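Summary of structural features
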Amino acid sequence: MPDRHPPFWVTLIIVIVALPLLALPLLLNMVAPQAGAVRALIWIYPFYMLLSAWLAYKAWAGKPDVTWILITVMLLSTAAIFLLAHNSDFL
């Protein structure tokens, strides 16, 4: 099977969905000081997003459905991490 790259618009969607990883300093500032486990999850979040974006890009060649699933999971995990950071003082 030839190496098939995703179209530009799919690459653009992947990049836009991965952009919230640049909000790491904001996320760390939102976390309550006593929430060590939440802080650890937030430190893992950028690595997860980079890995998911790379896998979504690579999956397009063989299984475009997997790309869309990964993009959806990236959006859901971004919402979850922001909610977790915002509500960390209640944990």
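These numbers were taken from a predicted model, which means no experiment stands behind them.

**A word on the nonpolar core**
For soluble globular proteins, nonpolar side chains are generally found buried alongside one another. Ranked by size, the top nonpolar core spans 22 residues in total, and within it Ile14, Leu27, Val31, Ile42, Tyr45 and Met74 carry the most contacts. Elements supplying a minimum of two residues to this core: helix H1 (8–18), helix H2 (24–30), helix H3 (36–59) and helix H4 (64–86). At six residues, H3 tops the list of elements feeding residues into this core. Every residue in contact with Leu27, bar those within four places of it in the chain, is listed here: Ile42, Tyr45, Ile81, Phe82 and Ala85.

**As for the environment of Val31**
Within the element layout of this structure, Val31 appears in the loop between H2 and H3. Once you skip the residues sitting within four places of it in the chain, Val31 turns out to touch Val38, Arg39, Ile42, Ala85 and Ser88.

**Topic: the side chain of Thr67**
Relative to the elements of secondary structure, Thr67 occurs in helix H4. Looking at Thr67, the relative accessible area reads 0%, which means it is buried. Within the structure, Thr67 has its side chain in polar contact with the backbone nitrogen of Trp60 (distance 3.2 Å). Ignoring any residue separated from it by four or fewer positions in sequence, one finds Thr67 in contact with Val10, Ile14, Ala56, Ala59 and Trp60.

**With respect to the packing of aromatic side chains**
Here the structure, examined in full by the defined rule, presents three aromatic pairs. Ring geometry for Trp9 against Trp60: centres 6.4 Å apart, planes inclined by 80 degrees, an arrangement best described as edge-to-face. With a gap of 51 residues between them, Trp9 in helix H1 and Trp60 in the loop between H3 and H4 connect regions that are remote in the sequence. Looking at Trp60, the relative accessible area reads 12%, which means it is buried.

Thresholds, definitions, all that
- Residues numbered from 1 in each chain as written.
- Predicted model: local features only at pLDDT ≥ 70, side-chain atom pairs only at ≥ 80, totals over all residues.
- Heavy atoms only, no water.
- Core = buried A, V, L, I, M, F, W, Y, C linked by side-chain atoms within 4.5 Å.
- Buried < 20%, exposed > 50% of the residue type's maximum accessible area, 1.4 Å probe, protein only.
- Helix = DSSP H or I, 4+ residues; strand = E, 2+ residues; numbered from the N terminus.
- Contact = heavy atoms within 4.5 Å.
- Polar contact = N/O pair within 3.5 Å; in protein donor to acceptor, adjacent residues only side chain to side chain.
- Phe/Tyr/Trp six-rings, centres within 6.5 Å; stacked < 30°, edge-to-face > 60°.

Function cannot be inferred from these measures alone, as they are strictly geometric.
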